[in-house]
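Commentary on secondary and tertiary structure
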Amino acid sequence: MAEGVLIIGIGRDATKQLGTIVHSDKEYIATAHLGATSDTDDAEGAVQHASDAARGTVPSRNTIAHVLEQYTGTIHQVPPKYSAIKLRGKPAHRRMRGGEDVHLEPRAVEIKEIELLDYTWPLLRIRVVCGSGTYIRALARDIGATLGVGGYLAALTRTRVGTFTLDAALTLEQFDRHWRDASAA
């Protein structure tokens, strides 16, 4: 469901830099589906449509713009229950898939920018620049909750990690071809 920039370190020097790079700011283009929720906060989970009352409430573009402003800056975000966050040594997603209900505490994350790119009910497309540790699917969930209609992440493209941009990235095919040619030389 997600696509975009993935940083890969090859060789000792590049691998040493990964810790710094992955903690850099990230930029995403995200599409939230409003009017429904998902147990995983994205389209890959079990989707439940909102109640008739909530479904009849279609937020205006101005309302959405106002709500997005509330999510700029340092916010407290509860990570998705289906995440890799460890609880007593075991990832939350494994506990959930094992039938255990989990409770995750809110964490401070930084949303540097949110830009409304497009909105045609029920799809909301936004650009987000955020610090490390931010869950965009939790952001989609929370925006939908604040609007009173529910929401989940329908599509996600990571367009930047630090100074590494999607425009300068290699496709998997180009990456494979580059390293085959390099090792053949």
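For the structure itself, look to the data block above.
An account of the accompanying structure is given in this report.

Rules used throughout
Residues numbered from 1 in each chain as written. Predicted model: local features only at pLDDT ≥ 70, side-chain atom pairs only at ≥ 80, totals over all residues. Heavy atoms only, no water. Salt bridge = Lys/Arg side-chain N within 4 Å of Asp/Glu carboxyl O. Helix = DSSP H or I, 4+ residues; strand = E, 2+ residues; numbered from the N terminus. Buried < 20%, exposed > 50% of the residue type's maximum accessible area, 1.4 Å probe, protein only. Pairing = 2+ DSSP bridges. Core = buried A, V, L, I, M, F, W, Y, C linked by side-chain atoms within 4.5 Å. Contact = heavy atoms within 4.5 Å. Expected span 1.5 Å × (residues − 1).

**Structural notes on the pattern of salt bridges**
- Throughout the structure, instances matching the rule amount to 10 salt bridges.
- In this structure, Asp101 engages Lys81 in a salt bridge whose closest nitrogen and oxygen atoms are separated by 3.0 Å. You can see Asp101 sitting in the loop between helix 4 (92-97) and strand 8 (107-120) and its partner Lys81 sitting in the loop between strand 5 (73-77) and strand 6 (86-87), a full 20 residues away along the chain.
- Among the ionic pairs, Asp176 bridges to Arg180, the shortest N-O distance being 2.9 Å. A residue pair is termed a helical-turn pair when its members lie 3 or 4 positions apart in one helix, as Asp176 and Arg180 do in helix 6 (residues 172-184) at four residues.
- The exposure class assigned to Arg180 is exposed, which follows from its relative accessible area of 55%.
- If you follow the salt bridges from partner to partner, you end up with Glu27, Glu113, Glu115 and Arg127 in one network.

**A closer look at the pairing of strand 9 (residues 123-130)**
- Taken across its eight residues, strand 9 has six buried, putting it largely inside the fold.
- For strand 8 and strand 9, the ladder comprises eight bridges, and the chain directions are antiparallel. Residue pairing in the sheet places Thr120 in a bridge with Leu123 of strand 9.
- Counting the residues between successive antiparallel strands, the hairpin from strand 8 to strand 9 contains two residues.

**Considerations on the nonpolar core**
- The biggest cluster of nonpolar side chains holds 26 residues, and the ones touching the most others in it are Ile64, Ile114, Leu124, Ile126, Val128, Ile136 and Ile143.
- Those elements giving two or more residues to this core turn out to be strand 2 (26-34), helix 3 (61-70), strand 8, strand 9, helix 5 (136-147) and strand 10 (151-161).
- Every residue in contact with Ile114, bar those within four places of it in the chain, is listed here: Leu68, Tyr71, Thr72, Ile126, Arg127, Val128 and Leu139.

**Examining unusual backbone geometry**
- The omega torsion of the bond from Trp121 to Pro122 falls at 5 degrees, within 30 degrees of zero and hence cis.
- Relative to the helices and strands, Pro122 resides in the loop between strand 8 and strand 9.
- Although it is not a glycine, Arg88 sits at a positive phi angle of roughly 50 degrees.
- Considering the arrangement of structural elements, one finds Arg88 in the loop between strand 6 and strand 7 (90-91).

**A short note on helix 5**
- For helix 5, with 12 residues, the first-to-last C-alpha span of 16 Å sits near the 16 Å given by 1.5 Å per residue.
- Burial of helix 5 is extensive: 10 of the 12 residues sit out of reach of the surface.
- Among all positions of helix 5, only Ile136, Arg137, Ala138, Leu139, Ala140, Arg141, Asp142, Ile143, Gly144 and Leu147 are buried.
- Structurally, helix 5 contributes buried residues whose contacts are with strand 2, helix 3, strand 5, strand 8, strand 9 and strand 10.
- Positioned one or two residues after helix 5, Gly148 has a phi angle of 80 degrees, which is positive.

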